[in-house]
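Structure assessment
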Amino acid sequence: AQDLARVAEIVAAHRDTPGALLPLLHAVQDALGHVPDDAVPSIARALNLSRAEVHGVITYYHFFRREAPGRRVVQVCRAEACQACGGEALLAHAERILGCQRHETRADGAVTLEPVYCLGLCASSPAVQIDDRPHARVTPERLEQLLADVGR
Ligand code: FES
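Residues numbered from 1 in each chain as written. Predicted model: local features only at pLDDT ≥ 70, side-chain atom pairs only at ≥ 80, totals over all residues. Heavy atoms only, no water.

1. As for the packing of aromatic side chains
What counts here: Any two rings among Phe, Tyr and Trp, with Trp reduced to its six-membered ring, count as a pair given centres within 6.5 Å; such a pair is stacked if its planes are under 30 degrees apart, edge-to-face if over 60, and tilted if neither. The buried label goes to any residue with under 20% of its type's maximum accessible area, the exposed label to any with over 50%, and the partly exposed label to all in between, with areas taken from a 1.4 Å probe on protein chains only.
Under the counting rule described, the total for this entry stands at 3 aromatic pairs. Relative to Phe64, the ring of Tyr61 has its centre 6.2 Å away and its plane inclined at 85°; by these criteria the two rings are edge-to-face. Here the aromatic rings of Phe63 and Phe64 are separated by 5.3 Å at their centres, their planes lie at 75°, and the arrangement is edge-to-face. On the basis of relative accessible area, Phe63 is assigned to the partly exposed category, the value being 44%. Each residue in the set Tyr60, Tyr61, Phe63 and Phe64 is aromatic and connected to the rest through ring pairs, giving one cluster.

What follows is the structure, given as structure tokens:
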């Protein structure tokens, strides 16, 4: 209920802005860590869209989460520049270290592992972001160091 009250405030702040849907969804995810399914009806109503339209946008953009993430969020870039520098192997390594598959939150709620598509560090790939902090040129050894206290 607290989450929905927060959503109502965000909706009220955005509803009269043209093209409000994406900024509004970003604001909800910033505030709550995800965009809960039960927020969709009020967002749709406020922007005069159908629920299906709002839902379609949320599911189209990988960036939006529909479920609350774990206490820590680890993102490994899978876009082109990072792929060329071992991004996929790094993601697989993160799965092993954390004991958590990509797109999943570990059962104890400690960590969510997400593939992402470009962190803006292409010139220093491969890139990883842990919570809000980006890391460039991440080797497997560096990843182990970075993840040492994640998921404990
Ligand atoms: Fe990985 Fe841009 S491709 S940061």
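2. Here's the deal with the pairing of strand S1 (residues 72–77)
The condition that has to hold: Under the DSSP-based scheme used, a helix requires at least four consecutive residues in state H or I and a strand at least two consecutive residues in state E, with every element numbered from the N terminus. DSSP calls a pair of strands paired once it identifies at least 2 bridges connecting them.
With 5 of 6 residues buried, S1 is to be regarded as a mostly interior element. As judged from the 3 bridges shared by S1 and strand S4 (residues 128–130), these two strands associate in the antiparallel manner. Paired with Val76 across the strands is Val128, a residue of S4.

3. Quick notes on the nonpolar core
Soluble, globular proteins show a tendency: their nonpolar side chains are buried together. Note the cut-off: We call a set of buried residues a nonpolar core when its members are Ala, Val, Leu, Ile, Met, Phe, Trp, Tyr or Cys and they connect through side-chain atoms within 4.5 Å of each other. It only takes one pair of heavy atoms within 4.5 Å for two residues to be counted as in contact.
Core analysis: the biggest nonpolar cluster contains 20 residues, and Val7, Leu24, Leu25, Val28, Ile43, Val54 and Ile58 have the highest contact counts within it. The element contributing the most residues to this core is helix H2 (residues 21–32), with 6 residues. Apart from the residues lying within four places of it in its own chain, the contact partners of Ile58 are Leu25, Val35, Val40, Phe64 and Arg66. One finds Val74, Leu98, Cys100 and Leu113 within the second-largest nonpolar core, a separate group that totals 16 residues.

4. What about the environment of Val111?
Note that Val111 resides in strand S3 (residues 111–116). With relative accessibility at 0%, the residue Val111 sits in the buried group. With 101 residues separating them in the primary sequence, Val111 and Ile10 have C-alpha atoms 27 Å apart. Beyond its immediate chain neighbours, meaning those up to four positions away, Val111 contacts Gly70, Arg71, Arg72, Val74, Leu98, Cys100, Glu104, Thr105, Arg106, Val150 and Gly151.

5. Details of the domain arrangement of the chain
Heads up, the rule is: In this document the domain limits rely on a domain assignment from an automatic tool or a database.
Once the domains are mapped, the chain shows domain 1 (2–60) and domain 2 (72–146). Here the C-alpha centre of domain 2 lies 28 Å away from the C-alpha centre of domain 1.

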